[in-house]
Amino acid sequence: MANSKYEYVKSYEVEDEVFLPNLIVVRIDGRDFQRFSEVQEFEKPNDEVALNLMNSCAISVSEAFPDVVFSYGFSDEYSFVFKRTSKFYQRRASKVGTIIVSFFTSAYVTKWREFFPHKELMYPPSFHARVIRCASEEVLQSYLLWRQNNCHTNNLHNTCLWELIKSGMTESEALDLLKDSSKEEKNDLLYRKCDINYQKLHSMFRQGSCILKVEVFAVVKHNENGSPVKRLRRKSSIVHSKNIAERRFWNKHAHLQKELGCFTKDIGKVEPDYIRSFQHEDKLIPSTWVVIRIDGCHFHRFSEVHEFVKPNDEQAINLMNSCAVAVLKEFQDLVFSYGVSDEYSFVLKKDSQFYQRQASEMVSVIVSFFTSMYVMKWKDFFPQKELKYPPYFDGRAVCYPSYEILRDYLSWRQVDCHINNQYNTCFWELVKSGKRKSEAQLVLKGTQTGDKEKLLNQFGIEYNKLPVMFRHGSSAFWDKEDTTRIHENEECNGNSGKRVIVEHCNIIEPTFWDAHPTILSG
Ligand code: GTP
Ligand code: MG
């Protein structure tokens with residue numbers, strides 16, 4: 001397709017490949033799950049059903065993405081380990097991390113009813129994600145030991161805390177009592193004061209959960225004579241183990257050795273330098289315009305399966321817009337957003353300190369929150385259509401150093417919207433008129449805008465009369481000045497007359513920006 005003069009902005013997107021031989025680990029963890037678990041009234045300190053839901057989502061991740069060969073989780077976090085030779089999305093960190101967190105979130109919201117049939121999901125849960133690079137099996141071993149130590153420590157602490165509160169202490173009194181207490185003291189406290197033998201508590205609470213892939217012979221079909229045909233298949237199963245970083249545990253699983261390597265010695269403690277690398281922060285350059293662009297994964301298939309109207313499904317676009325409005329309201333540093341098809345770009349204010357400008361945090365929470373909203377709102381926009389499988393999105397953050405380049409970025413996306421929409425409108429008209437898809441492609445090959453307009457005229461369509469939302473895409477932003485106008489698709493946030501509105505304007509021309517001088521200036 002034609003290139004526009006704005007395409008140069010692509011050069012601001014940076015490479016973030018995780019190079020071999022580094023192993024890729026994606027860790028996700030709940031965003032403000034303390035509040036979420038209170039609102040949803042999870043049992044303290046461990047809600048077995050909520051943990052089963054986490055495990056079930058992790059199994060879905062492991063089955064949807066065969067490169068994930070081992071997973072470990074507890075509480076509201078999960079780590080996914082990719083096989084050594086993985087080429088998943090060319091090992092691009094941002095893609096890999098956001099796809100996993102988006103899919104996990106989507107599964108979490110989709111499966112909620114199955115696990116909590118009598119509890120309404122009160123608001124969209126979301127997760128952070130970060131990609132951890134482990135330079136060797138030994139570093140991976142340390143990473144796993146670090147996470148499982150964390151599980152042990154937190155669980156012992158929380159078990160004591162809630163037992164003390166149950167016995168009548170206030171939270172701060174209980175915290176005071178536990179401060180600086182050793183593991184032995186905590187075990188002792190539980191045993192003597194609460195009649196609890198810590199070692200007898202559910203192993204899922206104490207040890208966390210692993211997801212392993214085991215090879216099983218599964219029946220895939222039946223022969224004509226009725227005899228079953230079996231094939232070797234990988235099945236995910238949940239295992240609880242006291243020490244997942246131990247040689248004895250790791251080396252007995254042939255597929256872990258094959259895909260990740262074996263552990264050569266047992267380790268007692270985690271190198272502090274390794275922990276520093278696991279916690280590395282990927283900060284974006286200060287005082288630049290950060291754009292977070294999310295894009296639906298395999299939405300070609302998703303739109304087919306859900307029978308979206310071609311080339312534009314008004315309800316599907318309205319759903320995307322409604323999610324973008326929710327994102328703007330949730331993350332107040334976002335000042336403008338522009339969406340078309342299955343993508344949305346979110347612009348942060350220039351001096352934003354959102355998550356201290358850590359790229360993976362910023363991108364993952366926005367992708368995750370958007371995904372959560374998409375699944376939760378699905379029924380509002382498609383009351384007659386069942387969501388057949390969890391949709392998911394990828395995301396990236398890009399810094400643009402000046403206002404002009406940011407504007408060029410937005411123009412690039414709107415030109416793309418125009419080019420794609422005109423092409424797709426012609427394509428589907430040709431198909432409707434009886435042409436095969438390959439014939440329609442041939443007719444359109446090498447045509448310019450004018451040719452396409454003429455072609456549409458032959459079908460009785462004047463391109464400029466098509467709905468403006470399809471031609472211009474959608475811009476969602478905070479409207480600060482004129483609150484008296486009635487806007488289509490507007491939603492109020494209930495404070496000070498400020499609201500997020502959705503318009504379908506030309507954002508390439510300066511007119512729009514002149515009319516809304518405060519959007520990008522704060
Ligand atoms: P990846 O993003 O690489 O995973 O591929 P993708 O399949 O999502 O394709 P891409 O993002 O390049 O393009 C979005 C695709 O979503 C379009 O090509 C359409 O197939 C589909 N799509 C988006 N919006 C609509 C819509 O309103 N109606 C229909 N029918 N399809 C849509
Ligand atoms: Mg897509």
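Residues numbered from 1 in each chain as written. Chains lettered and ligands numbered in written order. Predicted model: local features only at pLDDT ≥ 70, side-chain atom pairs only at ≥ 80, totals over all residues. Heavy atoms only, no water.

- If you check an unreviewed UniProt entry, the chain appears there as tRNA(His) guanylyltransferase from Pyrus ussuriensis x Pyrus communis.
- Per UniProt, the comment on the chain under Catalytic activity (unreviewed entry) is "a 5'-end ribonucleotide-tRNA(His) + GTP + ATP + H2O = a 5'-end phospho-guanosine-ribonucleotide-tRNA(His) + AMP + 2 diphosphate + H(+)".
- Heading Subcellular location (unreviewed entry) of the UniProt record for the chain holds this comment: "Nucleus, Nucleoplasm". (UniProt positions renumbered as here; feature names shortened; annotations may be inferred.)

Digging into the coordination of the magnesium ion (ligand 2)
- Surrounding the magnesium ion (ligand 2) are the protein donor atoms Asp295 (OD), Gly296 (O) and Asp342 (OD), which sit 2.1 Å from the metal.
- For the magnesium ion (ligand 2), the six donor atoms are set out with angles of 78 to 175 degrees between them, so the coordination reads as octahedral.
- Binding-site remark: the magnesium ion (ligand 2) is held by donors from one chain whose sequence spacing is D-G-x45-D. Highlighted residues: Asp295 in strand S7 (residues 289-296) and Asp342 in the loop between strand S8 (334-340) and strand S9 (343-348), separated in sequence by 47 residues.
- Judged by its relative accessible area of 14%, Asp342 is buried. (Donors = N, O, S within 2.8 Å, 3.2 Å for Na, K, Ca; no water. Tetrahedral: all angles 85-135°; square planar, octahedral: opposite > 155°, others 65-115°. Helix = DSSP H or I, 4+ residues; strand = E, 2+ residues; numbered from the N terminus. Buried < 20%, exposed > 50% of the residue type's maximum accessible area, 1.4 Å probe, protein only.)

So, helix H16 (residues 449-458)
- Taken residue by residue, H16 has Lys452, Leu455 and Leu456 as its buried positions. The buried residues of H16 occupy an angular sector of 100 degrees when projected down its axis, which confines them to one face. Those residues of H16 that are exposed and aimed more than 90 degrees away from the buried face are Lys454 and Gln458.
- Where H16 ends, the next residue or the one after it, Gly460, has phi of about 75 degrees, a positive value. (Arc of directions from axis to C-beta.)

Topic: the site of ligand 1
- Lining the immediate environment of ligand 1, one finds 15 residues, of which Asp295, His298, Phe299, His300 and Asp313 sit closest.
- Take Asp313: an N or O atom from its main chain is 2.7 Å from an oxygen atom of ligand 1.
- One of the side-chain N or O atoms of Asp342 is found 3.0 Å from an oxygen atom in ligand 1.
- Of all the elements, helix H11 (residues 299-305) adds the most residues to the shell around ligand 1, at three residues.
- Across the shell around ligand 1, the residue classes break down as five nonpolar, six polar and four charged. (Near = heavy atom within 4 Å. Polar contact = N/O pair within 3.5 Å; in protein donor to acceptor, adjacent residues only side chain to side chain. Nonpolar A, V, L, I, M, F, W, Y, C, P; charged D, E, K, R; others polar.)

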